[in-house]
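Commentary on secondary and tertiary structure
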Amino acid sequence: MQIIEPSETYDVCIVGSGAGGSMAAYVLTQAGANVVMLEAGGPWSVEDGDMLTWNYESPRRGAAIKTRHFGEFDACDGGWSLEGEPYASAEGTRWDWWRARMLGGRTNHWGRISLRFGPDDFRGQSLDGYGDDWPITYDDVAPYYDKVDELVGIFGSQDGFYNEPDGRFLPPPEPRCYEKRVMRGAESIGIPVLSSRLSILTQAKGDRAACHYCGQCNRGCSVGANFSAGRVLLRPAQATGNLTLVTHAMAREVLTDAEGRASGVSFVDTRTLEEQQVRADVVILAASACESARLLLNSTSERHPNGLANSSDVVGKYLMDTVGASASAFVPALASQPTHNCDGVGGMHIYIPWWLYDQHASLGFPRGYHLETWGGRGMPGYGFGGGIQGQNGSLPGDRPRGGGGYGASLKDDYRTLYAARVGFSGRGEMIAREDNVCEIDPASVDKYGIPTLRFDVTWSDAEVQQARHMQMAMREILESIGGEIDEMPTEETQYGISSPGSIIHEAGCVRMGDDPTTSALNGFCQAHDADNVFVVDAAPFVSQPHKNTTWTILALAWRAADYLVDQRKQRNV
Amino acid sequence: MPDRPTPEPIRDLACLDPSASLRGAAEAEGPGTPAGALSRRDALRLLAVSAAAPALLSGCGPEEAAEGAAHHAAARARGAVAPAVGAEPGFFTAHEFDTVRLLADYVLPADDRGPSAAEVGVPQFIDFLMTDDELRGDLEERQTAMRGGLGWLDAACRRVHGQPFAGCTDAQRRAVLDRIAYPDSAEPADAPGVRFFNRFRDYTAAGYFSSPQGMDDLGYVGNASQAQWTGCSDEANAWAARAV
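**Thoughts on the overall build of chain A**
- Per the secondary structure count, chain A includes ten helices and 18 strands.
- Whereas a compact globule of 573 residues would reach a radius of gyration of roughly 25 Å, chain A reaches 24 Å, a difference of no more than 12%.
- In terms of principal-axis extent, the alpha carbons of chain A reach across some 80 × 55 × 50 Å.
- By residue count, 59% of the 573 residues in chain A fall in the buried class.
- In chain A, of all internal contacts separated by at least 6 residues, the share reaching a separation of at least 24 is 73%.

Here it is in structure tokens:
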């Protein structure tokens, strides 16, 4: 096969166009660097999205399709499986791996929950003995959280809540009617409720409009009122004239020179299957945590026989996701409610922060979680009313045969149940463990001939006990708002805990640290073994608090890019 | 096939409209765009303009912005609702399709708040699902379960009443449906029918309530651009605060 040789050497090659890669591109192009970015998927801009589309404009009414697993209007090309790109899980384990293949990556459809990690989150090991401390502290990252807040935009309220640092917030939206009921209920049993913190503009910012409250952030916002990497970061990066964007470019490996330093990246054009290369002085990986680990492990050479940046042998290890559990209930008080527009922003207006931070000694699990809430009058689409036979049997009226049925009374049941269900999703911290890994599957390649990943990840008792506590707390709150709660999941089902990977917060598999024998990167996301290699997705995380990855990815990527600019000025890289 | 209502202007978008020249551009889009209605792309363009000139939004309150019924009417006028209510099936045989039409209306008949399932194209929606290879899941499994379920239903009707479902009287049909529509009290021997009917009921509900008429039936007034968010209506807040 002919390999197309590069004609120029870029200052920086960035692999991946999601939050981390796009932030690096934004900072570096503005600093004057000549940057090339490789994206495995196709081009996409927010104007291509399906905002304000009625579900009935499609004959399948918004259902999930094979190339969009969260629904045909959801702005994420990709899903749990990709044609020709397999992955495996070790026997007896399961890892669900969501992969986006599009410009902007998962930032196009994500939930915009933008929580900062707090001071305790960077020093968990010192506080309770589990996992490891980060090589950096909250004070190192805080200035970058501030900058991200200002650049991207985020709403919230100044709460001063323990270990939930406030930011530079835009005004939060008024809670919806059912959310107010949740606030009253939760507060009546001593559980605090705060304004949510989402990267959605409640006031216009620059050339980006304020939110128009259609509740469809996941479809991509054509007026740029929420954060997506393409709209907010890549557009200004491209305007500098310093960014060369290459889509349909699936990275195969990082190329290295005789000294073991990165010299470029080889990739496959996914449309033609042509093998190509780009040369660059610096390589920044932001391909998503597991893809970045996979790239490093596949970049073997004489100087790096165990994979690039992997003399410590930690690449692929300490893989984490977020712990998930959920519960919901029919709330009779919300039934048959008056017609009104309940859309709001594309996500919850309130959330419940981790409130038992001083009671871990008696809880039986070491780390915290937060609760997200949902409900309301969503647009009916494919799946509406599904499984009603399990719900309408306990509604008022004479129902000697139980749930299900047909006819006029069934039609009324759908109306009664619409918007009367309130649910919670618990999102908790998983402890990083060395034996939770992704590794190269020795005998498997994808359709591009690139060796694939095999996962071996399990929950420990710390996560299972946390899920149990989530289930109990969610039920207490649902009871406090008059919900008809169902039976709690049992120990046999690990209390309904999510399967690892399925919360789509993978992190930690190229972790940072001060010691090159136990970490792959330093505190600036720079490889110990090759000073011109950086990783700026969630792979560098030493721990994965319950606070969602994106805001910290953005802050760390900005910090790494500033550091790189400074090092280049000093001619150190 | 029921007549579609006369298209009305999209009021919430009309009140955002800051520019006669943009309106002209919308009208120039082609013969498919009814006068006064804007395509979604035009609406997005207007939103972008309104973002640059927020003062133009004055006098455009959330009440006006939430006129969902007008919004549905405009979308329907664009001919966007597919597949058409009268379309011939691509998957079902003529006999199967007769049964599907009947069944859909047993599940969700017309009442004082809305039309029947067949009147809003639910049989065509289900037929589409049986041919759509893009839909996530296993198409062949979907087809087999549907075709087999209809076959089971006919066989069950013949065994007791000597006729397939479509040839039975209303009372005979209801007698069979009563056996399979209530999973908790169904006989084990009827399990295949229960499984089929659970799925058929789900398809029917999704197809009906996601139609414009179904959304009107539910009182769904979202999917609108609103100049501001001031919370749910006072009435809704009071309702949600009730002690029940």
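**So, the interface of chain B and chain A**
- Opposite the 64 residues of chain B that make contact, chain A presents 69 residues.
- When contributions to the side of chain B that touches chain A are tallied by element, the ones reaching two or more residues are helix 3 (40-52), helix 6 (94-107), helix 7 (122-129), helix 10 (191-209), helix 11 (212-218) and helix 12 (234-240) of chain B.
- Here the side of chain B that touches chain A is built from residues that sort into 40 nonpolar, 14 polar and ten charged.

**So, the sheet that holds strand 5 (residues 88-89) of chain A**
Residues and elements named next belong to chain A.
- Within the open sheet, the three strands sit side by side as 5-17-16. Their pairing is mixed. On the outer flanks of this sheet lie strand 5 and strand 16 (437-445), each paired with one strand and no other.
- Note: strand 5 against strand 17 (residues 451-456), two bridges, orientation parallel. What sits directly across from Ala88, in strand 17, is Arg454.
- Together, strand 16 and strand 17 form the strand contacts of helix 6 (residues 289-298), whose direction differs from that of strand 16 by roughly 60°.

**Focus on the domain arrangement of chain A**
Residues and elements named next belong to chain A.
- Assigned domains within chain A: domain 1 (1-51 + 98-112 + 115-153 + 227-321 + 506-573) and domain 2 (157-226 + 323-380 + 418-428 + 460-496).
- Computed over C-alpha atoms only, the centres of domain 1 and domain 2 are separated by 30 Å.
- On the domain 2 side, the residues contacting the 28 residues of domain 1 number 33 residues.
- Mapped onto the side of domain 1 that touches domain 2, the elements with two or more residues apiece are helix 2 (124-128) and helix 3 (138-152).
- Among the elements that line the side of domain 1 that touches domain 2, the one with the most residues is helix 3, at five residues.
- Within the side of domain 1 that touches domain 2, the residues separate by chemical class into eight nonpolar, nine polar and eleven charged.

**Overview of the packing of helix 6 of chain B against helix 10 of chain B**
All names here are of chain B.
- Between helix 6 and helix 10, whose axes approach to 10 Å, the crossing angle comes to 80°. Here helix 10 runs roughly perpendicular to helix 6, going by the angle between their axes. Facing Leu103, Ala104 and Val107 of helix 6, the residues of helix 10 in contact are Phe200, Arg201 and Thr204.
- Among the residues making up the contact of helix 6 with helix 10, the classes are represented as four nonpolar, one polar and one charged.

Each value, and the rule that gives it
- Residues numbered from 1 in each chain as written.
- Chains lettered and ligands numbered in written order.
- Predicted model: local features only at pLDDT ≥ 70, side-chain atom pairs only at ≥ 80, totals over all residues.
- Helix = DSSP H or I, 4+ residues; strand = E, 2+ residues; numbered from the N terminus.
- Rg over C-alpha atoms; globule rule 2.2 N^0.38 Å.
- Buried ≥ 20, exposed ≤ 12 C-beta atoms within 10 Å, placed from the backbone.
- Contact = placed C-beta atoms within 7 Å.
- Nonpolar A, V, L, I, M, F, W, Y, C, P; charged D, E, K, R; others polar.
- Pairing = 2+ DSSP bridges.
- Axes fitted to C-alpha atoms, helices over the stretch in contact; angles between N-to-C directions.
- Domains from an automatic or database assignment.
- Parallel < 35°, antiparallel > 145°, perpendicular 65-115°, else oblique.

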